[in-house]
Amino acid sequence: MINKPYNPEMALAYEKNARISIPTYDALFTMAQAYFRMQLGEKEASLLVVGAGGGNELSAWGPSNPNWSFTGVDISEEMLKIAKHKAAQLDIESRVTLIQGTMDDVQPSDAKFDAASCILVLHFVNDVKEKLKLLQTVKAHMKPGAPFVLVTAYGDPQAAELQDRLQVWKSFWLDAGTEPKRVQDMVEGGGIMKISFIPEKEIECLLTEAGFTHITKFYVTGLFGGWMCKAD
Ligand SMILES: C[S@@+](CC[C@H](N)C(=O)[O-])C[C@H]1O[C@@H](n2cnc3c(N)ncnc32)[C@H](O)[C@@H]1O
């Protein structure tokens, strides 16, 4: 149930900040769509969108794929309000179902999904066992062979490699005209580094353990990486 009113300021801030933090944000959705299209062809398909929040999967893939229907899951009532508003604006509401909660709130059903995405969500799950559980639950809701796209922050927090990418990420914000003090606070205040980073090898192991195969890294920008794979 989504009861709170739509918050246009929050929606606007999300749209803007996502594209500063990830300058290739829109291209990411184009790339994921290309993978899904290659796998799904022109047939009718049901897509599970984990962390559907701002509704950007819906707006990137909905209008251009009239045979796709979407089930969006998100813990945030505020974010789902944005997704609902976007679906209405795009006139794709009849193909969109939104569930407030986690994957545990998606009822088991015989009608498994033809594809799934989990974009910019997994780094908000701190515990590695919980990350694995989330991926396992997603997999359990997918048809065998169904494509899955995972995009998450990654890296070893102790390694220079992640610190180098952090400098690049800071540069994105400075280039966008953000006050240097604010950028410093975003890093030193712990904001960005409070999300849960794990090394990419570990992400690939989690995907394998959860039952995904054909795991390929297809995307990197700043702090974030993307993997495409298939449910076994
Ligand atoms: C950065 S937003 C990404 C939204 C969208 N996927 C996009 O790329 O624009 C992350 C979303 O994940 C949601 N979220 C965080 N943890 C979650 C969980 N365990 N289950 C479902 N949604 C979650 C948040 O509420 C938020 O809306």
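What you see is a predicted model, and the numbers here were worked out from it, not measured in a lab. (Residues numbered from 1 in each chain as written. Predicted model: local features only at pLDDT ≥ 70, side-chain atom pairs only at ≥ 80, totals over all residues. Heavy atoms only, no water.)

Before going further, it helps to spend a moment on the site of the ligand. Taken together, 16 residues lie around the ligand, and Tyr-14, Tyr-25, Gly-51, Glu-57 and Asp-74 are the ones closest in. Taking Tyr-25, its side chain carries an N or O atom lying 2.5 Å from an oxygen atom of the ligand. Take Asp-74: an N or O atom from its side chain is 2.6 Å from an oxygen atom of the ligand. Protein contact buries 89% of the 590 Å² of open area that the ligand shows by itself. The set of elements that each furnish at least two residues to the shell around the ligand consists of α2 (25-40) and α3 (56-61). Partitioned by chemical class, the residues of the shell around the ligand number nine nonpolar, five polar and two charged. (Near = heavy atom within 4 Å. Polar contact = N/O pair within 3.5 Å; in protein donor to acceptor, adjacent residues only side chain to side chain. Areas by Shrake-Rupley, 256 points an atom, 1.4 Å probe, with all protein chains shown as cover. Helix = DSSP H or I, 4+ residues; strand = E, 2+ residues; numbered from the N terminus. Nonpolar A, V, L, I, M, F, W, Y, C, P; charged D, E, K, R; others polar.)

The next point concerns unusual backbone geometry. A positive phi angle, close to 65°, is found at Leu-120, a residue other than glycine. Inspection of the secondary structure assignment puts Leu-120 in the loop between β4 (115-119) and α5 (128-140). With a relative accessible area of 15%, Leu-120 lands in the buried category. Phi is positive for His-214, which is not a glycine, with a value near 55°. With respect to the element layout, His-214 can be found in strand β6 (residues 212-221). (Buried < 20%, exposed > 50% of the residue type's maximum accessible area, 1.4 Å probe, protein only.)

Okay, the side chain of Thr-71 next. Mapped onto the fold, Thr-71 is located in strand β2 (residues 68-74). When near neighbours in sequence (up to four residues on either side) are disregarded, Thr-71 contacts Leu-47, Leu-48, Val-49, Thr-97, Ile-99 and Phe-113. (Contact = heavy atoms within 4.5 Å.)

Attention shifts here to the packing of helix α6 (residues 160-175) against helix α7 (residues 180-188). Following both chains from N to C, one finds α6 and α7 inclined at 145°, their axes separated by 10 Å at the closest point. Along this stretch, α6 crosses α7, giving a crossing that reads as right-handed. Residues Leu-166, Trp-169, Lys-170, Trp-173 and Leu-174 of α6 pack against Pro-180, Arg-182, Val-183, Gln-184, Met-186 and Val-187 of α7. Taken together, the residues of the contact of α6 with α7 break down into eight nonpolar, one polar and two charged. (Axes fitted to C-alpha atoms, helices over the stretch in contact; angles between N-to-C directions. Left-handed = near helix turned anticlockwise from the far one by under 90°.)

Let us look at the packing of aromatic side chains. Within this structure, the stated rule accounts for nine aromatic pairs. Ring geometry for Tyr-25 and Phe-29: centres 4.9 Å apart, planes at 70°, overall edge-to-face. Here Phe-29 and Tyr-25 lie together in helix α2, a separation of four residues that amounts to about one turn. Look at Phe-29 and you get buried, because its relative accessible area is 4%. Centre to centre, the rings of Phe-218 and Tyr-219 are 6.1 Å apart; their planes meet at 40°, and the pair counts as tilted. (Phe/Tyr/Trp six-rings, centres within 6.5 Å; stacked < 30°, edge-to-face > 60°.)

This part is about the UniProt feature "domain: Methyltransferase type" (unreviewed entry) in the chain. UniProt tags residues 48-147 as "domain: Methyltransferase type" (unreviewed entry). Secondary structure content for residues 48-147 is 32% helix and 21% strand, while the C-alpha to C-alpha distance between its ends is 11 Å. (UniProt positions renumbered as here; feature names shortened; annotations may be inferred.)

Inspection of α7 places Val-183, Met-186 and Val-187 among the buried residues, and these make up the whole buried set. Down the axis of α7, the buried set is contained in an arc of 95°. They therefore lie on one face. Residues Lys-181 and Glu-188 are exposed on α7 and point more than 90 degrees away from its buried face. (Arc of directions from axis to C-beta.)

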